[in-house]
Structures are given as C-alpha cells and as structure tokens.
Amino acid sequence: MIEIEVQNESHQTQFRIKAVSVPRIGEGIRLKEPDGSWASYDVLDVWYQQADYGEVWVPYLHVKTTPAAGNAEAVPAPAMGAMPDQSMPIADFLAKFEGDDEHETIKLNLDISEED
C-alpha cells in the first residue's frame, strides 16, 4: 500500500489515503465528501516530495470535484487579439543565425589507428 497526500481544491482540505497505485494526471478517483457521501474527483497534478523521516518519496495529488455532466461550468476563453503575420521565407530565417563570414567545412580525421 502507498500512502498518498491529497490536496482537495474543492474543499480546501488536505488528507492522506492509502492506495495500491498512484493515479495519473487526468484520471478520475472516488473520494468521500465531508458529509460522508462519495464523489468523483479529477486528478489535476501529481508530484513527489521527500518525506521528513528519511529517503522516502511521498506522492501528492491535487484534485478537484468532477463537474456534473448537465451543469458543467463554461470556462471563458482567454481574450486574444489578432495575431500578427510572422511568416517569412526559410532562407531569411536561417540567415539570422549565420554570421557575416561564410562557414567553412573542416575535414575531420577519424582515423584512430596507431602509427609507429
């Protein structure tokens, strides 16, 4: 069994659970509500921190209540202005990385045989 620290964003609580495996980001889990009923939660984040008692890494979960299918809140899209046209020919783009001097190729000698 793995002891997992859970940070519940919906109720602003923190508690520990024991599980067989650590859920991944995006997975759903069932947890007890403060009133004793069961509810679905989405895993928003998973990270590990070193425990106070040695070289043991404790998993942490950040969870939030799964929105109900019929009354999910619409998340407003971020306001975006018109995107400027940033396209340019590839030759002009590559010219930014070249210096004033032309590049000269250098022949490498990869022969590692010993000569007497």
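Relevant structure appears above.
One structure accompanies this document, and this report is about it. (Residues numbered from 1 in each chain as written. Predicted model: local features only at pLDDT ≥ 70, side-chain atom pairs only at ≥ 80, totals over all residues. Heavy atoms only, no water.)

1. Let's talk about the overall build of the chain
No. 1: Within the chain, the regular secondary structure consists of one helix and five strands.
No. 2: Within the chain, contacts between residues at least 6 apart in sequence are counted, and of these 31% link residues at least 24 apart.
No. 3: Summed over all atoms, the accessible surface of the chain reaches about 10300 Å², with 53% contributed by carbon and sulfur. (Helix = DSSP H or I, 4+ residues; strand = E, 2+ residues; numbered from the N terminus. Contact = heavy atoms within 4.5 Å. Areas by Shrake-Rupley, 256 points an atom, 1.4 Å probe, with all protein chains shown as cover.)

2. Structural notes on the pattern of salt bridges
No. 1: This structure, assessed with the given rule, holds four salt bridges.
No. 2: Of the charged contacts, one joins Arg16 and Glu3 as a salt bridge, the two residues approaching to 2.7 Å between their closest N and O atoms. With a gap of 13 residues between them, Arg16 in strand β2 (residues 13-19) and Glu3 in strand β1 (residues 2-8) connect regions that are remote in the sequence.
No. 3: Using a relative accessible area of 48% as the deciding quantity, one classes Arg16 as partly exposed.
No. 4: Glu3 gets classed as partly exposed once you look at its relative accessible area, which sits at 34%.
No. 5: A salt bridge links Glu27 to Arg24, with the nearest nitrogen and oxygen atoms 3.4 Å apart. (Salt bridge = Lys/Arg side-chain N within 4 Å of Asp/Glu carboxyl O. Buried < 20%, exposed > 50% of the residue type's maximum accessible area, 1.4 Å probe, protein only.)

3. Observations regarding the sheet that holds β1
No. 1: With mixed pairing, five strands are arranged side by side in an open sheet as β2-β1-β5-β4-β3. In this open sheet, the two edge strands, each paired with only one partner strand, are β2 and β3 (28-32). Taking each pair of neighbouring strands and ignoring which way they run, the sheet shows an average axis angle of 45°.
No. 2: Pairing between β1 and strand β5 (residues 57-65): four bridges, direction parallel. Following the sheet pairing, Asn8 is matched in β5 by Val63. (Pairing = 2+ DSSP bridges. Axes fitted to C-alpha atoms, helices over the stretch in contact; angles between N-to-C directions.)

4. Details of the packing of aromatic side chains
The description of two aromatic rings rests on the distance between their centres and on the angle between their planes.
No. 1: The full count for this structure, using the stated rule, is one aromatic pair.
No. 2: With a centroid separation of 5.5 Å and an interplanar angle of 15°, the aromatic rings of Trp47 and Tyr60 are classed as stacked. You can see Trp47 sitting in strand β4 (residues 38-50) and its partner Tyr60 sitting in strand β5, a full 13 residues away along the chain. (Phe/Tyr/Trp six-rings, centres within 6.5 Å; stacked < 30°, edge-to-face > 60°.)

5. Re unusual backbone geometry
No. 1: Phi is positive for Gln12, which is not a glycine, with a value near 55°.
No. 2: Position of Gln12 relative to the elements: it lies in the loop between β1 and β2.
No. 3: With a relative accessible area of 65%, Gln12 lands in the exposed category.

6. Quick look at the pairing of β1
No. 1: Pairing of β1 with β2, which is carried by seven bridges, proceeds in the antiparallel orientation. Residue pairing in the sheet places Asn8 in a bridge with Thr13 of β2.
No. 2: Two successive antiparallel strands, β1 and β2, enclose a turn made up of four residues, where Gln12 displays a positive phi of approximately 55°.

7. A few points about the nonpolar core
No. 1: In terms of nonpolar packing, the biggest core is built from 11 residues, these being Ile4, Val6, Ala19, Val22, Ile29, Leu31, Ala39, Tyr41, Val43, Leu61 and Val63.
No. 2: Among the secondary structure elements, those contributing two or more residues to this core are β1, β3, β4 and β5.
No. 3: The element contributing the most residues to this core is β4, with three residues.
No. 4: Ala19 has contacts with Met1, Ile2 and Ile4, leaving out every residue within four places of it along the chain. (Core = buried A, V, L, I, M, F, W, Y, C linked by side-chain atoms within 4.5 Å.)

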